[in-house]
Amino acid sequence: MPSKKTLKRARQAARKGKRPTTQAGEFVREEMEHIRHGKHGARSTKQAIAIGLSKARRAGIKLPPPRPGQVSEKTRQSAKSAYRAGQTGQRRKPSSRRSRATLTALKREGHKAAAPTALARQARAAARRRQVRSGG
C-alpha cells in the first residue's frame with residue numbers, strides 16, 4: 001500500500017495536469033526509498049521501477065499497460081490486470097499469504113538496485129533506447 005504522502009503527491013501532479021508517467025514517478029520514487037531504507041530489495045533497477053509502476057496502476061493512475069512487442073507478454077498481462085484493478089472501484093482485501101510471500105522473496109534480494117549509480121545507468125540505457133527508436 002502506497003503511503004499517504006505518495007498518494008497526495010500523485011494527486012497533486014494530476015491536478016496540475018501532469019502526464020500519468022509523472023504521477024507514477026512518485027510511486028517509483030517511494031519504491032526506491034523502500035529499497036534504500038532496507039524494507040526490501042530488488043534484483044535490478046528495472047524490477048524496482050516495475051514494482052513502482054504496478055503500485056501506481058493499482059492506485060488508479062491512468063497509466064495504460066505497454067503496447068504489444070514492447071515488453072514480454074507476461075509483463076503486459078500483469079500491467080493489464082494492475083491497470084484494471086486500479087480503474088475499477090471495488091477493492092478486494094489482498095491475500096495476506098501472497099503478500100507475505102512476495103515481501104519475503106523481495107527481502108532476499110539486494111539493495112544495490114536503488115543506488116544512484118544503478119539509477120543513472122538505467123536512465124542512460126533508457127535514453128539510448130529512445131534515441132535508437134527516434135532515429136536521432
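In case you missed it, the structure is sitting above this.
Residues numbered from 1 in each chain as written. Predicted model: local features only at pLDDT ≥ 70, side-chain atom pairs only at ≥ 80, totals over all residues. Heavy atoms only, no water.

### Notes on the overall build of the protein chain
In terms of regular secondary structure, the protein chain is built from 6 helices and 0 strands. Ordered by position from the N terminus, the helices and strands of the protein chain form the series α-α-α-α-α-α. For 136 residues, the compact-globule estimate of 2.2 N^0.38 gives 14 Å, and the protein chain sits close to it at 15 Å. Seen through its principal axes, the protein chain has C-alpha atoms that stretch 45 × 35 × 30 Å. Out of the 136 residues in the protein chain, the part that is buried amounts to 29%. Once local pairs closer than 6 in sequence are excluded, the contacts in the protein chain between residues at least 24 apart make up 59%. Carbon and sulfur atoms form 52% of the exposed surface of the protein chain, whose accessible area is close to 9900 Å². Each charge class in the protein chain can be summarised by its mean position, and for the 38 positive and 6 negative side chains these summaries are 4 Å apart. (Helix = DSSP H or I, 4+ residues; strand = E, 2+ residues; numbered from the N terminus. Rg over C-alpha atoms; globule rule 2.2 N^0.38 Å. Buried < 20%, exposed > 50% of the residue type's maximum accessible area, 1.4 Å probe, protein only. Contact = heavy atoms within 4.5 Å. Areas by Shrake-Rupley, 256 points an atom, 1.4 Å probe, with all protein chains shown as cover. Lys, Arg positive; Asp, Glu negative; His and termini not counted. Charge placed at Lys NZ, Arg CZ, Asp CG, Glu CD.)

### A short note on a positive patch on the surface
The grouping of Lys46, Arg67, Arg121, Arg124, Arg128, Arg129, Arg130 and Arg133 at the surface amounts to a positive patch. Per-element accounting of the positive patch gives the leading share, 6 residues, to helix H6 (residues 116-134). When you line up the elements, Lys46 lands in helix H3 (residues 45-58). (Patch = residues over 30% accessible without salt bridge, like charges linked within 9 Å, V, L, I, M, F, W, Y side chains within 5 Å. Salt bridge = Lys/Arg side-chain N within 4 Å of Asp/Glu carboxyl O.)

### Here's the deal with the environment of Arg108
Relative to the elements of secondary structure, Arg108 occurs in the loop between helix H5 (96-107) and H6. Accessibility expressed as a relative area gives 66% for Arg108, which makes it exposed.

### Here we look at the pattern of salt bridges
Summed over all chains, the structure comprises 6 salt bridges. In this structure, Glu26 and Arg29 form a salt bridge, with 3.8 Å as the shortest nitrogen-oxygen distance. In this pair, Glu26 and Arg29 both sit in helix H2 (residues 20-36), 3 residues apart, roughly one turn of the helix. Classification of Glu26 as buried rests on a relative accessible area of 19%. As a salt-bridge pair, Glu73 and Arg76 come within 3.5 Å of each other at their nearest N and O atoms. Residue Glu73 and its partner Arg76 are located together in helix H4 (residues 73-87), separated by 3 residues, close to a single helical turn. Given a relative accessible area of 44%, Glu73 falls into the partly exposed group. Using a relative accessible area of 14% as the deciding quantity, one classes Arg76 as buried. The structure contains a network of salt bridges with shared partners spanning Arg9, Glu26 and Arg29.

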